[in-house]
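Residues per chain are reported as follows:
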Amino acid sequence: MADEPGRGTDRSLEIGIERAHPARMYDYYLGGRTNFDPDREAAEAALAAFPTLRITAEENRGFLLRAVEHLARAGIRQFVDVGSGIPVAGRNTHDVAQAVRAQARVLYVDNDPIVLAHAQALLTSGPRGRTAYLNADPHRPETMVEHPEFVRSVASDEPVAMLLVAILHFVADHQDPIDLLRRLTRRLPSGSRLVIAHVTGDYDPEGWAGLVRAYADAGITVRPRSRAEVAELLDGWDVEEPGVVPVSRWHPTVEPSAEPALVSCYGAVARKP
């Protein structure tokens with residue numbers, strides 16, 4: 001019998017289910033089943049501090065998919081989804097990209113073995129496109145961009161969309177997120193796009209301070225940033241309209257969109273000059 005989610009196995013140390021993981025907590029917020037007791041306990045503590053965190057997760061996913069569709073329609077044919085997390089049936093980068101542009105190629109990047117197992121099983125490309133998965137740590141950019149799978153999957157002479165949705169707030173100040181972004185994107189050709197979504201305490205400083213403590217108690221660093229700090233991450237890039245805005249207000253397909261205070265997350269798409 002296959003191991004059931006949440007049940008300890010003799011592989012627990014190998015896959016790290018004895019402690020919370022951000023990707024599995026995010027899966028829990030989205031109503032998924034690929035999460036374990038430590039993930040659920042940490043997620044519930046975070047929800048106690050910021051009760052609309054599930055809305056944040058849903059709006060992040062919606063922003064990701066709208067940005068991918070927008071870029072595919074703009075002619076982008078290759079996507080790198082960094083920190084891709086647990087797949088969501090029918091709501092993944094390749095589902096949207098290949099629906100618009102059948103030959104689109106998508107490289108998923110994460111460093112959780114459970115994500116890897118699900119990606120291998122569920123992230124199946126259409127016949128004219130390609131999907132691949134790279135097990136790499138985005139905190140160590142060179143291990144990602146110099147990996148043979150990255151080189152094989154991403155054509156260096158064609159614009160690339162690099163997606164870092166709900167990722168950069170796990171990069172502490174001392175880890176220098178601006179330098180990390182530079183190292184991740186410096187080899188991308190002109191015309192490439194950078195898609196980011198980043199949580200903020202601008203709307204509810206007290207609630208987000210509690211959330212940061214909840215994550216810290218689970219051994220996870222979260223660094224919310226202001227709108228100005230998020231805009232600074234994109235220095236040197238041409239930010240597309242409507243700029244750095246709450247993710248629910250980035251080209252929404254449903255009106256009225258979720259109130260920014262319920263989401264507390266900024267999103268933007270920027271073009272490399």
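The chain is annotated in an unreviewed UniProt entry as Methyltransferase of Embleya scabrispora.

> Any chance you could explain the nonpolar core here in plain terms?
General note: in soluble globular proteins, nonpolar side chains tend to be found buried as a group. Counting residues in each nonpolar core, the largest one holds 56 residues, and the members touching the most others are Tyr29, Phe79 and Tyr215. Beyond its immediate stretch of four places on either side in the chain, Tyr29 contacts Ala43, Ala46, Leu47, Leu53, Arg54, Ala57 and Tyr215. Ranked by size, the runner-up nonpolar core spans 31 residues in total, among them Met144, Leu180, Leu181 and Ala270.

> Could you clarify how one ought to interpret the environment of Phe79 in this entry?
Position of Phe79 relative to the elements: it lies in strand E1 (residues 78-82). Between the C-alpha atoms of Phe79 and Val68, which are 11 residues apart in sequence, the distance is 8.3 Å. Among residues more than four places away in sequence, those in contact with Phe79 are Val68, Leu71, Ala72, Thr93, Ala97, Ala104, Arg105, Val106, Leu107 and Ala161.

> Before we go on, may I ask you to explain helix H3 (residues 37-49) in this structure?
Since one α-helical turn is 3.6 residues long, residues separated by three or four positions face the same way. Here H3 is 13 residues long and its end C-alpha atoms lie 19 Å apart, about the 18 Å a rise of 1.5 Å per residue gives. For H3, the secondary structure elements touched by its buried residues are helix H2 (22-29), helix H4 (53-73) and helix H10 (205-217).

> How should H4 be read in this particular structure?
Its 21 residues place the ends of H4 30 Å apart at the C-alpha level, agreeing with the 30 Å of an ideal helix rising 1.5 Å per residue. Extensive coverage of H4 is indicated by the burial of 15 of its 21 residues. Positioned one or two residues after H4, Gly75 has a phi angle of 110°, which is positive.

> Would you mind going over the packing of H3 against H10 with me for this structure?
Geometry of a packed helix pair, given as the angle between the helix axes and the separation of the axes. Between H3 and H10, whose axes approach to 8 Å, the crossing angle comes to 165°. Taken together, the axes of H3 and H10 lie roughly antiparallel to each other. For the element pair H3 and H10, the recorded crossing hand is right-handed. Listed contacts from H10 to Ala45, Ala46 and Ala49 of H3 are Gly207, Gly210, Leu211, Ala214 and Tyr215.

> Looking at this structure, I do not really get the pattern of salt bridges. What am I missing?
Any two side chains of opposite charge can pair if their charged atoms end up close together. Taken as a whole and judged by the stated rule, the model has 19 salt bridges. Its salt-bridge partner being Arg40, residue Asp37 comes within 2.8 Å of it at the nearest N-O pair. On the criterion of helical spacing, the pair formed by Asp37 and Arg40 is a turn pair, its members being three residues apart in helix H3. Ionic pairing is found between Arg73 and Glu69, a salt bridge with its closest N-O pair at 3.0 Å. Of this pair, Arg73 and Glu69 both sit in helix H4, four residues apart, which is roughly one turn of that helix. Assessed through its relative accessible area of 57%, Arg73 is described here as exposed. Shared partners join several salt bridges into a network, and the residues in it are Glu142, Asp179, Arg182, Arg183 and Arg186.

> How should I be thinking about the environment of Glu232 in this particular structure?
Inspection of the secondary structure puts Glu232 in helix H11 (residues 227-233). Given the relative accessible area of 45%, Glu232 is considered partly exposed. Residues Glu232 and Ile178, 54 residues apart in the sequence, show an inter-C-alpha distance of 8.1 Å.

> What's the story with the packing of aromatic side chains in this structure? I'm lost.
Each aromatic ring pair is specified by the distance between its two centres and by the angle formed by the two planes. This structure, assessed with the given rule, holds four aromatic pairs. Seen in terms of ring centroids, Phe63 and Trp250 are 5.5 Å apart; in terms of plane orientation they differ by 90°. Their pairing is edge-to-face. Residue Phe63 is found in helix H4, and its partner Trp250 is found in the loop between strand E7 (245-246) and helix H12 (260-263); the two are separated by 187 residues along the sequence. Judged by relative accessible area, Phe63 falls into the buried class, the value being 0%. Seen in terms of ring centroids, Phe170 and Tyr215 are 6.3 Å apart; in terms of plane orientation they differ by 45°. Their pairing is tilted. Taken together, the residues span a long stretch of sequence, with Phe170 in the loop between strand E4 (161-165) and helix H9 (177-185) and Tyr215 in helix H10 at a distance of 45 residues.

> How should I be thinking about the pairing of strand E5 (residues 193-199) in this particular structure?
Remark: a regular strand shows side chains that alternate across the two faces of the sheet. For E5, the tally of buried residues reaches seven of seven residues, placing the bulk of the element in the interior. The β-α-β motif built from E4, the intervening H9 and the parallel element E5 has right-handed crossover chirality. Bridge analysis of E5 against strand E8 (residues 265-271) gives seven bridges, and the strand direction is antiparallel. Within E8, the residue paired with Arg193 across the bridge is Arg271.

What counts, and at which threshold
Residues numbered from 1 in each chain as written. Predicted model: local features only at pLDDT ≥ 70, side-chain atom pairs only at ≥ 80, totals over all residues. Heavy atoms only, no water. Core = buried A, V, L, I, M, F, W, Y, C linked by side-chain atoms within 4.5 Å. Buried < 20%, exposed > 50% of the residue type's maximum accessible area, 1.4 Å probe, protein only. Contact = heavy atoms within 4.5 Å. Helix = DSSP H or I, 4+ residues; strand = E, 2+ residues; numbered from the N terminus. Expected span 1.5 Å × (residues − 1). Axes fitted to C-alpha atoms, helices over the stretch in contact; angles between N-to-C directions. Parallel < 35°, antiparallel > 145°, perpendicular 65-115°, else oblique. Left-handed = near helix turned anticlockwise from the far one by under 90°. Salt bridge = Lys/Arg side-chain N within 4 Å of Asp/Glu carboxyl O. Phe/Tyr/Trp six-rings, centres within 6.5 Å; stacked < 30°, edge-to-face > 60°. Right-handed = clockwise from strand over helix to strand, strands pointing away. Pairing = 2+ DSSP bridges.

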